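Residue-level listing of the chains:
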Protein chains: 2
Amino acid sequence: MQVTIDDIWKASAALDGQAALTPLLESPRLNERLGGRLLVKAECLQKTGSFKFRGAYNTLTGMDPDIRARGILAYSSGNHAQGVALAAKMYGVPATIIMPSDAPALKKRNTAEYGADVVLYDRFGESREAIGERLVAEQGLTLVKPYDQVSVIAGQGTVGLEIEEQTAELAAEPDVVVCPAGGGGLISGVSIALKAAFDDIDIHPAEPEGFDDWRRSLEAGERRTADPEARSICDAILTPTPGEITFEIGRHHLSRGLVVSDREALEAMRTAFLELKLVAEPGGVTALAAILAGRIDIAGRTAVAIVSGGNVDPEVFRQALDL
Amino acid sequence: MQVTIDDIWKASAALDGQAALTPLLESPRLNERLGGRLLVKAECLQKTGSFKFRGAYNTLTGMDPDIRARGILAYSSGNHAQGVALAAKMYGVPATIIMPSDAPALKKRNTAEYGADVVLYDRFGESREAIGERLVAEQGLTLVKPYDQVSVIAGQGTVGLEIEEQTAELAAEPDVVVCPAGGGGLISGVSIALKAAFDDIDIHPAEPEGFDDWRRSLEAGERRTADPEARSICDAILTPTPGEITFEIGRHHLSRGLVVSDREALEAMRTAFLELKLVAEPGGVTALAAILAGRIDIAGRTAVAIVSGGNVDPEVFRQALDL
């Protein structure tokens, strides 16, 4: 595989003191309700409100300084955008971010506030890749891919190293990990770290209905696409298909995909509000939603749910509170 | 003083592996807005949604097992109630909690769900102390006070030890700490820990308008009471006067009191939602509110704001989102 545990250890060194060490939380009441032990890796508390900062910062760390200084390019529905924008700001280099025009207002505003140039495109018409390639050719920018890049996957994989350390501190050994999956940068990196630490661990992707390309691909043993007509509120993970590198890792390391409805995602956001005091976004909460909705039974087991982001507009959060 | 740094170290050992190690978070955007470095101790992520679990668990740890087995009594607007209820459950002993009938529904329900007997009283009519003394006499229960008790203050003081360790990991030295203050268990414990670590640190209580008994008492050099006609949404910290033990500590260690309006508390809850992805309750967010509202200037300084709790009903949280 193209990404090794050594890559993730190096990323961990690069991120030390730069990324937040996010907590592994648990709620006695949720444990009682589920009949097992649920540990929540609260990556919504990461800088920029999602895990994406890790991969972005790790990628910029590994770049040639002269090339880095020419500027960074990224395309993203919002979380990768903010991660790249902050990493570029911390390195003092310019960033251009290509975002879908229907991305949450909060994510567009935040990205601009980190000092990046934001270029909008139509998610269901134009190709962000084509726009990106033009900017790379014209301006000499370097693209930081949202997931299908070794340095990005290695950065996200540091979440797995932290889960290993933090479960050890709690004298817990995880039987199962559930992780939101879009392109798969987070889950593939995490799977390398955790499969190296725990032989028998099961790692499941969690996706929104209609965007279950990981579930389909894992069943088929090759990359499949999701329903092109589907829509979901889980904006952060609406990718049509797993990445090439991420799927090559995933098909070795991942167990069956879990799927949740938008309603179940909102219910999990409400539970995160009430029981964990976390602000989670719909796409970031699919793993917690899959466990709460019983897509996987954790009775008598120790499970880790990764909450991958919290960048949600107040209007959407209100829908969760109103349930 | 009745509470020593040794008491807090012992409490830290008792809580190791039982209490959550809550993160010290920061937002690059908030830092930029404030012109300083703001570190947020997210104690809303503690078990039961507030710091109160620390003092309760530490107190039960120090009790004679036979006396503990007879049962625990507490009176509380809600956060201490939940902390005591969970600590009692973890020790397998019964708990009776006396709560004001106008406490948030969430806090009443959660306390009952931890298995405690909940007894309601009228906050503006009856005396919770009188009810409590009767139950102690009749049933042989042991009272765990909400703040004015050495073991409780020592438990809450572990928040200060963690701030010391976590700022060191960030290579930061705090110039100023702002902490919500009701009876003062948290701020007095924290002040002992942090004054032992940092000679020149300023520690300020933050209170809601009309309940500025700490501000008045520190100015007068002796315990004063707040306005008896005042009302506020900051339910967790609506105490009429500082505790005796907590004020004896506070008058040596604390700097001037800061006061915020209910509106400023709601605005800080909104900022915690947007920038930190934390669910904070009105009484738990007064320190952050005081900094955001400019009650103290942190430009060029490193400040720690303690967010002490997140047990807020959805209806109140909606008010913050709607601002």
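Heads up: the structure comes first, above all this text.
Scoring rules and cut-offs
- Residues numbered from 1 in each chain as written.
- Chains lettered and ligands numbered in written order.
- Predicted model: local features only at pLDDT ≥ 70, side-chain atom pairs only at ≥ 80, totals over all residues.
- Heavy atoms only, no water.
- Contact = heavy atoms within 4.5 Å.
- Buried area = accessible area lost by both parts, 1.4 Å probe.
- Salt bridge = Lys/Arg side-chain N within 4 Å of Asp/Glu carboxyl O.
- Pairing = 2+ DSSP bridges.
- Helix = DSSP H or I, 4+ residues; strand = E, 2+ residues; numbered from the N terminus.
- Axes fitted to C-alpha atoms, helices over the stretch in contact; angles between N-to-C directions.
- Buried < 20%, exposed > 50% of the residue type's maximum accessible area, 1.4 Å probe, protein only.
- Expected span 1.5 Å × (residues − 1).
- Least-squares fit on C-alpha atoms with pLDDT ≥ 70 in both.
- Core = buried A, V, L, I, M, F, W, Y, C linked by side-chain atoms within 4.5 Å.
- Phe/Tyr/Trp six-rings, centres within 6.5 Å; stacked < 30°, edge-to-face > 60°.
- Patch = residues over 30% accessible without salt bridge, like charges linked within 9 Å, V, L, I, M, F, W, Y side chains within 5 Å.
- Areas by Shrake-Rupley, 256 points an atom, 1.4 Å probe, with all protein chains shown as cover.
- Lys, Arg positive; Asp, Glu negative; His and termini not counted.
- Charge placed at Lys NZ, Arg CZ, Asp CG, Glu CD.
- 1 Å grid on protein atoms, 1.4 Å probe; cavity = no way out; pocket = protein on both sides within 12 Å on 5 of 7 lines; lining within 4 Å.
- Points joined across faces, edges and corners; volume = space filled by probe spheres on them.
- Nonpolar A, V, L, I, M, F, W, Y, C, P; charged D, E, K, R; others polar.
- Parallel < 35°, antiparallel > 145°, perpendicular 65-115°, else oblique.

Peer 1: Explain the interface of chain A and chain B here, please?
Peer 2: Many authors give the size of an interface as the accessible area that is lost as the parts come together. Each partner contributes to the interface: chain A provides 34 residues, whereas chain B provides 34 residues. Where chain A abuts chain B, roughly 3,000 Å² becomes buried across the two surfaces, and 63% of that area is made up of carbon and sulfur atoms. Of all residues in chain A, the largest losses of buried area upon contact with chain B belong to Arg29, Phe273 and Lys277 of chain A, amounting jointly to 24% of the total for that side. Joining chain A to chain B, the criterion identifies six salt bridges.

Peer 1: Is there a simple way to explain the sheet that holds strand E9 (residues 258–260) of chain B in this structure?
Peer 2: Remark on secondary structure: sheet strands pair via backbone hydrogen bonds, oriented parallel or antiparallel. Residue and element names in this part refer to chain B. Here we have six strands laid out as an open sheet, ordered E1-E2-E10-E7-E8-E9, and mixed in their pairing. Looking at which strands have only one partner, the edges of the open sheet turn out to be strand E1 (24–25) and E9. Packing of helix H9 (residues 185–197) onto the sheet brings it into contact with strand E7 (176–180), strand E8 (202–208) and strand E10 (302–307), and relative to E8 it is tilted by some 170 degrees.

Peer 1: So what exactly am I meant to see when it comes to the pairing of strand E2 (residues 37–42) of chain B here?
Peer 2: On a regular strand, each side chain points to the face opposite its neighbour's, so the side chains alternate between the two faces of the sheet. All names here are of chain B. Counting buried positions over the six residues of E2 gives five, a clear majority of the element. As judged from the six bridges shared by E2 and E10, these two strands associate in the parallel manner. Bridge pairing in E10 places Leu38 opposite Ala303.

Peer 1: Before we go on, may I ask you to explain helix H8 (residues 150–169) of chain B in this structure?
Peer 2: An α-helical turn contains 3.6 residues, so a residue and the one three or four places further along point in the same direction. The end-to-end C-alpha separation of H8 of chain B is 29 Å, in line with the 28 Å expected for 20 residues at 1.5 Å each. For H8 of chain B, the buried fraction is high: 14 of the 20 residues fall into the buried class.

Peer 1: Teacher, can you tell me more about the relation of the copies chain A and chain B here?
Peer 2: The two chain copies are related to each other by a rotation about an axis together with a translation along it. Note on the copies: chain A fits chain B at an RMSD of 0.0 Å, the axial shift is 0.0 Å, and the rotation between them is 180 degrees. Accordingly, the operation relating the two chain copies is best matched by a two-fold axis. Of every C-alpha in chain A, the one belonging to Leu278 of chain A sits nearest the axis of rotation, 2.6 Å from it.

Peer 1: How should I be thinking about the nonpolar core in this particular structure?
Peer 2: Generally speaking, a soluble globular protein has its nonpolar side chains buried in company with each other. By size, the foremost hydrophobic cluster in this structure holds 90 residues, and its most contacted members are Leu38, Leu278 and Phe317 of chain A together with Leu38, Leu278 and Phe317 of chain B. Excluding residues that lie within four positions of it along the chain, Leu278 of chain B makes contacts with Leu45, Lys277 and Val279 of chain A together with Leu25, Val40, Ala42, Cys44, Leu45, Ala272 and Phe273 of chain B.

Peer 1: Is there a simple way to think about the packing of aromatic side chains in this case?
Peer 2: Each aromatic ring pair is summarised here by two numbers: the centre-to-centre distance and the angle between the ring planes. Residues and elements named next belong to chain A. The final tally for this structure, using the stated rule, is 11 aromatic pairs over all chains. Considering the side-chain rings of Trp214 and Phe247, the 5.9 Å spacing of their centres and the 50 degrees angle between planes classify their relative orientation as tilted. Pair noted here: Trp214 is in helix H10 (residues 213–220) and Phe247 is in helix H11 (residues 244–253), with a separation of 33 residues, a long-range link. Exposure class is identical for Trp214 and Phe247. Each is buried.

Peer 1: What is the right way to look at the side chain of Thr22 of chain A in this model?
Peer 2: Residues and elements named next belong to chain A. With respect to the element layout, Thr22 can be found in the loop between helix H1 (5–15) and strand E1 (24–25). Owing to a relative accessible area of 0%, Thr22 belongs among the buried residues under this scheme. When residues no more than four places from it in sequence are discounted, the contact partners of Thr22 are Lys41, Ala42, Glu43, Leu45, Gln46, Arg54, Glu162 and Gln166.

Peer 1: Teacher, can you tell me more about a negative patch on the surface here?
Peer 2: All names here are of chain A. A contiguous patch of negative charge on the surface is contributed by Glu173, Asp175, Asp199 and Asp200. Topologically, Asp199 is positioned in the loop between helix H9 (185–197) and strand E8 (202–208). Exposure remark for Asp199: the relative accessible area of 69% places this residue in the exposed category.

Peer 1: It is not clear to me how empty space enclosed by the protein should be interpreted in this structure. Could you clarify?
Peer 2: Here the idea is plain: a probe the size of a water molecule rolls over the atoms and shows the empty space left. Following the criterion strictly, the structure yields one cavity of 30 Å³ or more and no others. Roughly 150 Å³ of internal volume is contained in the largest cavity. Around the largest cavity, the lining is made up of 19 residues, and of these Gln46, Thr48 and Gly49 of chain A together with Ser27 and Glu275 of chain B lie nearest the centre. Where the lining of the largest cavity is concerned, the elements lending two or more residues are helix H2 (28–34) and helix H12 (262–276) of chain B. The element best represented in the lining of the largest cavity is H12 of chain B, accounting for three residues. Per-class residue counts for the lining of the largest cavity are seven nonpolar, seven polar and five charged.

Peer 1: Could you clarify how one ought to interpret the packing of helix H14 (residues 314–321) of chain A against helix H14 (residues 314–321) of chain B in this entry?
Peer 2: Any two packed helices are characterised by how steeply their axes cross, that is the angle between the axes, and by the distance between the axes. For the pair H14 of chain A and H14 of chain B, the least separation of the axes is 11 Å and the interaxial angle reads 170 degrees. What the angle tells us is that H14 of chain A and H14 of chain B run roughly antiparallel. Judged by residue contacts, Pro314, Phe317, Arg318 and Leu321 of chain A of H14 of chain A engage Pro314, Phe317, Arg318 and Leu321 of chain B from H14 of chain B. For the contact of H14 of chain A with H14 of chain B, the residue count by class is six nonpolar, no polar and two charged.

Peer 1: Just to check I follow, could you spell out unusual backbone geometry for this structure?
Peer 2: Leaving glycine aside, a negative phi is the common case for residues, and trans is the common case for peptide bonds. The backbone of Ala171 of chain A sits at a positive phi, close to 55 degrees, despite the residue not being glycine. If you trace the backbone, Ala171 of chain A turns up in the loop between helix H8 (150–169) and strand E7 (176–180). Its identity as a non-glycine residue notwithstanding, Lys277 of chain B has a phi of 60 degrees, on the positive side. By secondary structure assignment, the location of Lys277 of chain B is in the loop between H12 and helix H13 (286–292).

Peer 1: Help me understand the sheet that holds strand E4 (residues 95–100) of chain B, please; the structure alone is not making it clear to me.
Peer 2: Residue and element names in this part refer to chain B. One open sheet holds the four strands; their spatial order is E5-E4-E3-E6, and the pairing between them is parallel. Strands at the two margins of the open sheet, each flanked by one partner only, are strand E5 (117–121) and strand E6 (142–143). Sheet topology note: the E4/E5 ladder contains five bridges and is parallel. Across the sheet, the residue bridging to Thr96 is Asp117, located in E5. Lying on the sheet, helix H5 (residues 79–91) is in contact with strand E3 (72–75) and E4; it crosses E4 at an angle near 170 degrees.

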